[in-house]
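Residues per chain are reported as follows:
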Amino acid sequence: MSTAILLLKNIGKIFETEELETHALKSINLTVNKGDYVSISGPSGCGKSTLLSIMGLLDVSSSGEYFIEGVNVTDLSLDQAAEVRNAKIGFIFQSFNLIDELSVFDNVALPLRYHADKPNNATIKKRVIECLEKVGLSHRISHKPNQLSGGQQQRVAIARALVANPAVLLVDEPTGNLDSKSADQVMDVLDQLNKVGTTICMVTHDPRYADMARTKVQLLDGAILHSPGVKLVG
Ligand code: ADP
Ligand code: MG
């Protein structure tokens, strides 16, 4: 059996404030295998972003265990979590999160400039161009983000997420800020990437896009609704 890229066992998350305890996630069991395309959908507030943040080591669970490529990452220090995140995870957010002052090239190159492998400039250039070609934007290399459409900016964000060759892309509402045509183009890019082997886990509240994934996970009130095709861990 192949090692799961991501393996969540009984993951729970409680947000505590002085007056309130929110049980954002309740005993989530989920595997993402190499080459999977998983969508996570459900109504606003059901825990989608919380789950993706824990999967991306941006937040920690309150209970349960989490493994990335077989390594237990449940109780890492902040520094260790950052190291695993840089090496293994590519993020794509609704709001693109590009740096306006930097060119498309420099935005995409950014993860490589902080990478443990310390690639040289020639390697960085080759890799950035490869990734921009994958999203159909190699002709916009010197543009600034604000000279591009929203859909193009999101495709630059996808290239940036890919550049360090992560084990998985974690995608949170990638089309939330886009018109339907640009949204379709972004979803096409993700679909093509998955077809050539990229592992994707995507949060969306749009049922049309959730259906493009091969494994569909439905969340409700912090728990996975059991549905056909969902891989649950025993
Ligand atoms: P979704 O992405 O599905 O809309 P979230 O994961 O953002 O939902 O939120 C799930 C629940 O956790 C909501 O009830 C939300 O209010 C709560 N929540 C999320 N983040 C925090 C936080 N930092 N502090 C307190 N409650 C939070
Ligand atoms: Mg959310």
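The structure displayed is predicted, hence computed values, not measured ones.

Student: Any chance you could explain the site of ligand 1 here in plain terms?
Tutor: Inspection of the region around ligand 1 gives Phe15, Thr22, Ala24, Pro43, Ser44, Gly45, Cys46, Gly47, Lys48, Ser49 and Thr50 as its neighbouring residues. Interatomic distance of 3.1 Å between a backbone N/O atom of Gly47 and an oxygen atom of ligand 1. Lys48 is positioned such that a nitrogen or oxygen atom in its backbone is 2.9 Å from an oxygen atom of ligand 1. Coverage of ligand 1 by the protein amounts to 58% of the 560 Å² it exposes when considered alone. Breaking the shell around ligand 1 down by element, the ones donating at least two residues are strand S2 (21–32) and helix H1 (48–55). Taken together, the residues that form the shell around ligand 1 break down as four nonpolar, six polar and one charged.

Student: Help me understand the packing of helix H3 (residues 104–113) against helix H4 (residues 121–134), please; the structure alone is not making it clear to me.
Tutor: Packed helices, taken two at a time, are described by the angle between their axes plus the distance between the axes. Across the interface, H3 lies against H4 with an axial gap of 9 Å and an inter-helix angle of 120°. Considered as vectors, H3 and H4 are oriented oblique to each other. Between H3 and H4 lies a crossing of right-handed hand. Side by side, H3 and H4 meet where Val104, Phe105, Val108, Ala109, Leu112 and Arg113 of the first sit next to Asn121, Ile124, Lys125, Arg127, Val128 and Leu132 of the second. Of the residues belonging to the contact of H3 with H4, the class tally is eight nonpolar, one polar and three charged.

Student: Honestly, the sheet that holds strand S4 (residues 63–68) in this entry has me stumped. Any pointers?
Tutor: Sheet strands associate in pairs through backbone hydrogen bonding, adopting either a parallel or an antiparallel arrangement. With antiparallel pairing, the four strands of this open sheet are ordered in space as S2-S1-S4-S5. Among the strands making up the open sheet, the edge pair consists of S2 and strand S5 (71–72).

Student: Just checking my understanding: could you explain the nonpolar core for this structure?
Tutor: Nonpolar side chains in soluble globular proteins generally cluster together in the buried interior. Membership of the largest hydrophobic core comes to 37 residues, with the highest contact counts inside it found for Val108, Val128, Leu132, Ile158, Leu169 and Leu190. Among the secondary structure elements, those contributing two or more residues to this core are H3, H4, helix H5 (150–162), strand S7 (168–172), helix H6 (180–195) and strand S8 (200–203). Counting residues in each nonpolar core, the second largest holds 30 residues, with Leu25, Leu30, Tyr66 and Ile89 among its members.

Student: I would appreciate a short explanation of the sheet that holds strand S6 (residues 89–92) in the present structure.
Tutor: Strand order in the open sheet made by the six strands is S6-S7-S8-S3-S9-S10, with mixed pairing throughout. Two strands close off the open sheet at either side, each with one partner strand: S6 and strand S10 (223–225). Taking the axes of each pair of neighbouring strands and ignoring which way they run, one obtains an average angle of 25° across the sheet. In the packing of helix H2 (residues 78–88) onto the sheet, the strands contacted are S6 and S7, and the crossing angle to S6 comes to about 80°.

Student: Can you help me understand H5 in this one?
Tutor: Count 3.6 residues to each turn of an α-helix, and residues three or four apart come out pointing the same way. Helix length check: H5, at 13 residues, gives a terminal C-alpha distance of 19 Å against a target of 18 Å (1.5 Å per residue), a fit within 8%. The element H5 is largely enclosed, with a buried count of 12 among its 13 residues. For H5, the set of buried residues is Gly151, Gln152, Gln153, Gln154, Arg155, Val156, Ala157, Ile158, Ala159, Arg160, Ala161 and Leu162.

Student: Quick question: what am I supposed to make of the confidence of the model for the protein chain here?
Tutor: If pLDDT is low for a region, its predicted coordinates should not be looked at in detail. Residues at a pLDDT of 70 or more form 96% of the protein chain, whose mean pLDDT is 93. Per-element confidence in the protein chain ranges from a low mean pLDDT of 89 for helix H7 (residues 207–210) to a high of 98 for S4.

Student: Would you take a moment to explain H1 for this structure?
Tutor: Extensive coverage of H1 is indicated by the burial of six of its eight residues. Looking only at H1, the buried set comprises Lys48, Thr50, Leu51, Leu52, Ile54 and Met55.

Student: What is the right way to read the pattern of salt bridges from this model?
Tutor: A side chain with one charge may pair with a side chain of the opposite charge, provided their charged atoms come close. Scanning all chains against the criterion turns up seven salt bridges. In this structure, Lys88 engages Glu69 in a salt bridge whose closest nitrogen and oxygen atoms are separated by 2.7 Å. A residue pair is termed long-range when its members are at least 10 positions apart, and Lys88 in helix H2 and Glu69 in the loop between S4 and S5 qualify at 19 residues. Overall, the relative accessible area of 29% leaves Lys88 in the partly exposed class. For Glu69, a relative accessible area of 34% puts it in the partly exposed group. Arg113 is the partner of Asp106 in a salt bridge, and the nearest nitrogen-oxygen pair spans 3.4 Å. On the basis of relative accessible area, Asp106 is assigned to the partly exposed category, the value being 28%. A relative accessible area of 42% places Arg113 in the partly exposed class. A single salt-bridge network, built from bridges that share partners, covers Lys126, Arg127 and Glu130.

Calculation rules
- Residues numbered from 1 in each chain as written.
- Chains lettered and ligands numbered in written order.
- Predicted model: local features only at pLDDT ≥ 70, side-chain atom pairs only at ≥ 80, totals over all residues.
- Heavy atoms only, no water.
- Near = heavy atom within 4 Å.
- Polar contact = N/O pair within 3.5 Å; in protein donor to acceptor, adjacent residues only side chain to side chain.
- Areas by Shrake-Rupley, 256 points an atom, 1.4 Å probe, with all protein chains shown as cover.
- Helix = DSSP H or I, 4+ residues; strand = E, 2+ residues; numbered from the N terminus.
- Nonpolar A, V, L, I, M, F, W, Y, C, P; charged D, E, K, R; others polar.
- Axes fitted to C-alpha atoms, helices over the stretch in contact; angles between N-to-C directions.
- Parallel < 35°, antiparallel > 145°, perpendicular 65-115°, else oblique.
- Left-handed = near helix turned anticlockwise from the far one by under 90°.
- Contact = heavy atoms within 4.5 Å.
- Pairing = 2+ DSSP bridges.
- Core = buried A, V, L, I, M, F, W, Y, C linked by side-chain atoms within 4.5 Å.
- Buried < 20%, exposed > 50% of the residue type's maximum accessible area, 1.4 Å probe, protein only.
- Expected span 1.5 Å × (residues − 1).
- pLDDT = per-residue confidence, 0-100.
- Salt bridge = Lys/Arg side-chain N within 4 Å of Asp/Glu carboxyl O.

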